[in-house]
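Commentary on secondary and tertiary structure
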Amino acid sequence: MSQAAELRALRRALRHQRRRLGESDRHAAAQAAAGQLLRALPKPPRRLGLYLPDDGEMDPAPLAEALGSPRTQRFLPRINPFCQRPRLTFGHSSPLCPGAFGIPAPCTGLRASWTLDWVLIPLVAFSRAGHRLGRGGGYYDASFAPTLPGQPFRLGVAYAFQECAPWKPAAHDLPLDAIVTDRGLWRCSPRAWRMFPS
């Protein structure tokens, strides 16, 4: 089986496992992941990109509370389809309008992805090397490509069971700076070690 076929099968299996989690298990995992961040005590970002959980994804709200301060502005993603590679823009969390894949999206205060300080990125699978497997649309990879003006700190968010053995990433796959789960926090880049020194 080719790596591409293996990754498609892995994506299906982990999404199925994630959807089977009960609400109480999801809540407990999100609280535990927030605790991992609180122990690391990073400097609160001024502009934080979040996501609305879907398809069993971990709720980022407890992590946003752990990371943020009263001055932290929070933004949600919206898919911008009018690009050669569709990208995300980020906007105010209220009001929300119908968005792609049935997920509500912001319709005011839209800004480019690279103007954020941090972005929380949902994962389907990950390796401790910082590789990420998403749903396959490539939106996050395109939105935070190295050729863009700014590079927000990219924190992957997942359940511990989504960890996998490393795989060979595609040329366009963007590595994460760090990954947080209900069982740990992994630093995957030099700036992650500066952000979380202990």
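Scroll up for the structure.
1. Details of the pairing of strand E10 (residues 153-157)
- Counting buried positions over the five residues of E10 gives five, a clear majority of the element.
- Covered by surrounding structure in E10 are Phe-153, Leu-155 and Val-157 together with Arg-154 and Gly-156, the residues of both alternating faces.
- As judged from the five bridges shared by strand E7 (residues 118-122) and E10, these two strands associate in the parallel manner. Within E10, the position partnered with Leu-120 by the bridge is Leu-155.

2. Section: the packing of aromatic side chains
- On inspection of all chains with the given rule, the structure shows five aromatic pairs.
- Between Trp-118 and Phe-153, the ring centres sit 4.4 Å apart and the planes meet at 45°, which makes this aromatic pair tilted. In this pair, Trp-118 is assigned in strand E7 and Phe-153 in strand E10, connecting sequence segments 35 residues apart. Taken individually, Trp-118 and Phe-153 each receive the classification buried, so the pair is uniform in this respect.
- Members of the aromatic cluster, joined through ring pairs, are Trp-118, Phe-153 and Phe-196.
- Over the face of the ring belonging to Trp-193 we find Arg-187, whose NZ or CZ atom lies 4.9 Å from the ring centre.

3. Description of the pattern of salt bridges
- Evaluation of the coordinates by the stated rule reveals eight salt bridges.
- Between Asp-117 and Arg-46 there is a salt bridge; the shortest N-O distance is 3.9 Å. Of this pair, Asp-117 sits in the loop between strand E6 (111-112) and E7 while Arg-46 sits in the loop between helix H2 (23-40) and strand E1 (47-49), and the two are 71 residues apart along the sequence.
- Since its relative accessible area comes to 55%, Arg-46 is described here as exposed.
- In this structure, Arg-191 and Asp-177 form a salt bridge, with 2.8 Å as the shortest nitrogen-oxygen distance. Taken as a pair, Arg-191 in helix H5 (residues 190-195) and Asp-177 in the loop between E10 and strand E11 (178-181) lie far apart in primary sequence, 14 residues in all.
- Since its relative accessible area comes to 24%, Arg-191 is described here as partly exposed.
- On the basis of relative accessible area, Asp-177 is assigned to the buried category, the value being 3%.
- One connected set of salt bridges, linked through shared partners, spans Arg-15, Arg-18, Arg-19 and Asp-55.

4. Considering the state of the cysteines
- Tallied over the full model, the rule gives one disulfide.
- Across the disulfide from Cys-97 sits Cys-107; the S-S distance is 2.2 Å. Of note, the bridge from Cys-97 to Cys-107 carries an S-S torsion of about 75° and is right-handed in sense. Taken together, the residues Cys-97 in strand E4 (residues 96-97) and Cys-107 in the loop between strand E5 (105-106) and E6 connect sequence positions ten residues apart.
- Since its relative accessible area comes to 22%, Cys-97 is described here as partly exposed.
- Of the cysteine sulfurs around Cys-164, a residue in no disulfide, the closest is that of Cys-188, at 14 Å.
- For Cys-164, a relative accessible area of 17% corresponds to the buried category.

5. Regarding the side chain of Arg-154
- Mapped onto the elements of the fold, Arg-154 is located in strand E10.
- Although Arg-154 lies buried, it forms no salt bridge, and the closest oppositely charged side chain, Asp-177, sits 4.1 Å away as judged by the N-O distance.
- Within the local environment of Arg-154, its side chain forms a polar contact with the backbone oxygen of Pro-175, the two atoms lying 3.0 Å apart.

Definitions and cut-offs
Residues numbered from 1 in each chain as written. Predicted model: local features only at pLDDT ≥ 70, side-chain atom pairs only at ≥ 80, totals over all residues. Heavy atoms only, no water. Buried < 20%, exposed > 50% of the residue type's maximum accessible area, 1.4 Å probe, protein only. Helix = DSSP H or I, 4+ residues; strand = E, 2+ residues; numbered from the N terminus. Pairing = 2+ DSSP bridges. Phe/Tyr/Trp six-rings, centres within 6.5 Å; stacked < 30°, edge-to-face > 60°. Lys NZ or Arg CZ within 6 Å of the ring centre and 35° of its normal. Salt bridge = Lys/Arg side-chain N within 4 Å of Asp/Glu carboxyl O. Disulfide = S-S within 2.5 Å. Lys, Arg positive; Asp, Glu negative; His and termini not counted. Polar contact = N/O pair within 3.5 Å; in protein donor to acceptor, adjacent residues only side chain to side chain.

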